[in-house]
Amino acid sequence: MLLTGFSIPVDMHALNLFERIRGGDGQYQAVLDGLLSDQRWGAPLGEEELLELLQASTDRKLLARGLTYLWYTGDLLQWTKLAHDELRPESLLTAATPPDFYAGLMWQAISAHPPALSGGYYGHWHYQPEN
Amino acid sequence: MEPLNELAFDVVVVGTGVCGALISHKLSQRGVRVLMLEAGPDQRANRIQMAGAYVASANRNLSAPYFDGIVPPDILGPDSSKGYYDQSSVRSEQLQSTFQRTVGGSTWHFLGNMPRFVPSDFELYSRYHKGVDWPISYEVLEPYYTIAEKEIGVAGDHDAWNDYLGAFRSKPYPMHAIWPAYGDKFFDSISGRSYQDESDGSARVVQVLRTPQARNSTIYDGRPACAGNSTCTPICPIQAKYDASVHIKKATATGAHLISSALVKKLEVDPKTGVITHLSVLRYGATAESREESLDISNKTVIIAANAIETPRLLLMSGISKGGVGLHLMDHLQGYALAEASEPIYPFRGPITTSGIDVFRDGKFRSESAAFRISIGNDGWGREGSPAKETWKLLLEDKFGPGLRAAVRDRLTRMHRISFSTEMLPEATNRVELSAKVDAFGLPRPKITFSFPDYNKRAFLHAGRVAEWLYKQTGWTQRPLDKLEPSGAGHIIGTTRMGTASSNSFADSFGAAHEHPNLYVAGPCLFPTAGTANPTLTAVALALRTADRLLQLLVP
């Protein structure tokens, strides 16, 4: 919730993708564990406090930004291009799958649907979305 | 592989895009024996997997769903910016439009907009002393437009389009218009206002019209209504959008023979008569060895319907150049304007565009600058700001949590795009030739010479002023653009144009080659000028007329 604004469980699949893209060997699991075990999670955090918590280390910020992006878009490959300067991935991966993409929170956030998976009826685009 | 010469046929069609497919269907329906040769693979059974491959692909370009790991990418779907075309490295001097080599051709990835050309498009020289006139008028083609709309399944508003810019309609569309996107209502509210056009001093009534589309607004021809998947380009996952596999299926059901992965390399010509006597066909596949066959067609008819790059390339590889083969390459050069709406307009749902403004497709200004068609977008900022890219920008601004969610919603639901497509003139300097560089099959690649003419640059300024006026009417905030750089519309036109004689053209208005008695060409390659709308419907109308002529000749 604090990272994405959505109430979702921690997605270890995204963490695995992140590890692969960074060429890490479990190191980001440790970063995530450290982040989750930070005592400050225990209380409601405002934006400034959250940023302070994430900025405790470069890895934390990197991980938070990367994971949030993956949760929002499921779009590992686009991300590796966008974030190239910051993350310097070793190579583009082919790890992202259609289900990753379809599950992106971004589409919920804007009351739309992932391309190629509307799940909607004819003409739904003519109306204001219900949520 | 069954040897080609063992097949019985009267007509061989090279290329299975929409024109080749429809001609094949119309002929085979009347008992003409048709052999269809397609350079690309047959991927028709893989539609859903291809849609998935697209969303998971690294480069979500038009060819992304179609890469199969077997056919070299440059053969399957040429990347316009690198690889297949041999052309300038300067972007404004590049042809940026591509095509698809697969059974069904480029309709798999086309947007599906289906406006007709208007009468003035056929008479550009007579009316404005620009380009050339067509050897055929709107009136002659009109009955074929109605057949084309029925065959393809076009959803449109007959009353709104009947007589618009002088284009009468003798029959209604087979389906009601696609419902407009939610954001279109903000433009509907300004429809009917007068725009003072400083380009020619006229006052124009700006009407917002529903764009006719090859997209089902109801169940039609065994295909479902559009569900708004928003991937019209490069693939409709449910085939609510037409693609030529529809008519491939109909053609084979009526007896036509389809051979895929069969690349025609060369036409052999009798030097005395001009008759095409043989086709050299390279057949390849994943499990069978490639082999070359010489197909005897000396007593048969051949129709080349391989798009405006591959048709002239094949002819040039065959030593056929008379009639301006390869010259007058055109596209509709596109520009755009972007804005932030004053309230959410909820894009990224439904077809990529559902409405447009067509009044600038004709006017006195065409003697100085290009006519253009305006599309009202439903895909945010289009290529200039994908949802993922904008989300990443917000993360770089240290947005997290509820603040991020609110910021994503605020930014992405208010993104809007207007694009405009400008008509190019036929210039002999814009052309396709044979390159010294070769493709994956060892054949000469197309060498492209292309430019961004002043005629179109002036149209960009004209259209830019109109877009500014439109956004001002909506009260939205337009985003400044720092470049005047065109992109391709995917409308590859010209290169074997039709005309009255071989001194000014390659073929007549039926697509019959002036110098080769048994050779026809079909597709937008025949267009003498680019016209002011998406070319597919007009190409299909011409192809249906070609099929009629062939039936008169071949069926007693």
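See the structure printed just above.
For the structure given in this document, a descriptive report is provided here. (Residues numbered from 1 in each chain as written. Chains lettered and ligands numbered in written order. Predicted model: local features only at pLDDT ≥ 70, side-chain atom pairs only at ≥ 80, totals over all residues. Heavy atoms only, no water.)

With that settled, consider the overall build of chain B. Regarding its fold elements, chain B presents 13 helices and 18 strands. Its C-alpha atoms give chain B a radius of gyration of 23 Å, within 12% of the compact-globule value 24 Å for 556 residues. Each of the three principal axes of chain B carries a C-alpha extent, and together these read 70 × 55 × 45 Å. Among the 556 residues that make up chain B, the fraction classed as buried is 63%. For chain B, the computed accessible surface area is about 19200 Å², with 49% contributed by carbon and sulfur atoms. Within chain B, one finds 59 positive and 57 negative side-chain charges whose respective centroids are separated by 3 Å. (Helix = DSSP H or I, 4+ residues; strand = E, 2+ residues; numbered from the N terminus. Rg over C-alpha atoms; globule rule 2.2 N^0.38 Å. Buried < 20%, exposed > 50% of the residue type's maximum accessible area, 1.4 Å probe, protein only. Areas by Shrake-Rupley, 256 points an atom, 1.4 Å probe, with all protein chains shown as cover. Lys, Arg positive; Asp, Glu negative; His and termini not counted. Charge placed at Lys NZ, Arg CZ, Asp CG, Glu CD.)

Moving on: the sheet that holds strand β17 (residues 477-479) of chain B. Residue and element names in this part refer to chain B. The six strands lie next to each other as β5-β12-β13-β14-β11-β17, forming an open sheet whose pairing is antiparallel. Every interior strand has two partners, whereas the edge strands, β5 (208-210) and β17, have only one. For this sheet the average axis-to-axis angle between neighbouring strands, irrespective of direction, equals 35 degrees. With three bridges joining them, β5 and strand β12 (residues 353-357) adopt antiparallel strand pairing. Along β12, the bridge assignment pairs R210 with S355. (Pairing = 2+ DSSP bridges. Axes fitted to C-alpha atoms, helices over the stretch in contact; angles between N-to-C directions.)

This brings us to the nonpolar core. One finds L37, L267, L279, L295 and L470 of chain B to be the most contacted residues of the largest nonpolar core, which totals 134 residues. When sequence neighbours within four positions are dropped, the list of residues in contact with L279 of chain B reads V12, V14, L37, V264, K266, L267, E293, S294, L295, I297 and V302 of chain B. Counting residues in each nonpolar core, the second largest holds 48 residues, with W71 of chain A together with Y54, L338 and W392 of chain B among its members. (Core = buried A, V, L, I, M, F, W, Y, C linked by side-chain atoms within 4.5 Å. Contact = heavy atoms within 4.5 Å.)

The next thing to look at is the packing of helix α4 (residues 58-73) of chain A against helix α10 (residues 387-396) of chain B. With their axes 10 Å apart at the nearest point, α4 of chain A and α10 of chain B run at an angle of 150 degrees to one another. As summarised for this structure, α4 of chain A and α10 of chain B are arranged roughly antiparallel, according to the angle between their axes. In terms of crossing hand, the pair formed by α4 of chain A and α10 of chain B is right-handed. Packed against α4 of chain A, whose contacting residues are R65, T68, Y69, Y72 and T73 of chain A, the element α10 of chain B presents A388, T391, W392, L395 and L396 of chain B at the interface. Partitioning the contact of α4 of chain A with α10 of chain B into residue classes produces six nonpolar, three polar and one charged. (Parallel < 35°, antiparallel > 145°, perpendicular 65-115°, else oblique. Left-handed = near helix turned anticlockwise from the far one by under 90°. Nonpolar A, V, L, I, M, F, W, Y, C, P; charged D, E, K, R; others polar.)

Turning our eyes to something else, we now look at the sheet that holds strand β8 (residues 276-283) of chain B. Residue and element names in this part refer to chain B. Here three strands make up an open sheet; going across it, the order is β7-β8-β9 and the pairing antiparallel. The open sheet has two edge strands, β7 (262-269) and β9 (291-296), and neither has a second partner. Geometrically, the sheet is characterised by an average inter-axis angle of 25 degrees between neighbouring strands, direction not taken into account. Both β7 and β8 contribute to a ladder of seven bridges, which runs antiparallel.

So, about the side chain of Q213 of chain B. Residue and element names in this part refer to chain B. Assignment of secondary structure puts Q213 in the loop between β5 and α8 (245-253). Q213 gets classed as buried once you look at its relative accessible area, which sits at 0%. When near neighbours in sequence (up to four residues on either side) are disregarded, Q213 contacts G112, N113, M114, G153, V154, A155, I178, P351, T353 and T354.

Once that is clear, we can look at the interface of chain A and chain B. Each partner contributes to the interface: chain A provides 55 residues, whereas chain B provides 50 residues. When the two sides are added together, the surface that chain A and chain B hide from each other amounts to roughly 4200 Å², 64% of it contributed by carbon and sulfur. Linking chain A with chain B are two salt bridges. Put simply, K61 of chain A and D398 of chain B hold a salt bridge, and the shortest N to O gap is 3.1 Å. (Buried area = accessible area lost by both parts, 1.4 Å probe. Salt bridge = Lys/Arg side-chain N within 4 Å of Asp/Glu carboxyl O.)

The subject of this paragraph is the packing of helix α1 (residues 18-29) of chain B against α8 of chain B. Residue and element names in this part refer to chain B. At a closest axis distance of 8 Å, the pairing of α1 and α8 adopts a crossing angle of 25 degrees. Classified by the angle between their axes, α1 and α8 sit roughly parallel to one another. In this structure, α1 meets α8 at a crossing whose hand is left-handed. Taken together, the residues of α8 that come into contact with α1 (itself represented by A21, L22, S24, H25 and S28) are H247, I248, K250 and A251. When the residues that make up the contact of α1 with α8 are grouped by side-chain class, the tally is four nonpolar, four polar and one charged.

So, on to the pairing of strand β2 (residues 34-37) of chain B. For a regular strand, side chains alternate in direction, first toward one face of the sheet and then toward the other. Residues and elements named next belong to chain B. With burial as the criterion, each face of β2 is covered, one bearing V34 and M36 and the other bearing L35 and L37. In this structure, strand β1 (residues 11-14) lies alongside β2, joined through four bridges in parallel fashion. By the bridge assignment, V11 is partnered in β2 with V34. As defined by bridge partners, β2 adjoins strand β6 (residues 257-259) across three bridges and the pair is classed as parallel. Residue L37 lies in a different strand from β6, and its bridge partner there is I259.

A few words on unusual backbone geometry. Residues and elements named next belong to chain B. Going from T233 to P234, the amide bond is cis rather than trans, its omega being 15 degrees. Looking at the secondary structure, you find P234 in the loop between β5 and α8. Non-glycine residue H129 carries a positive phi angle of around 55 degrees. Looking at the secondary structure, you find H129 in the loop between α4 (124-128) and α5 (138-152). Residue D398 is not a glycine yet carries a positive backbone phi of 65 degrees. By the element assignment, D398 lies in the loop between α10 and α11 (401-412).

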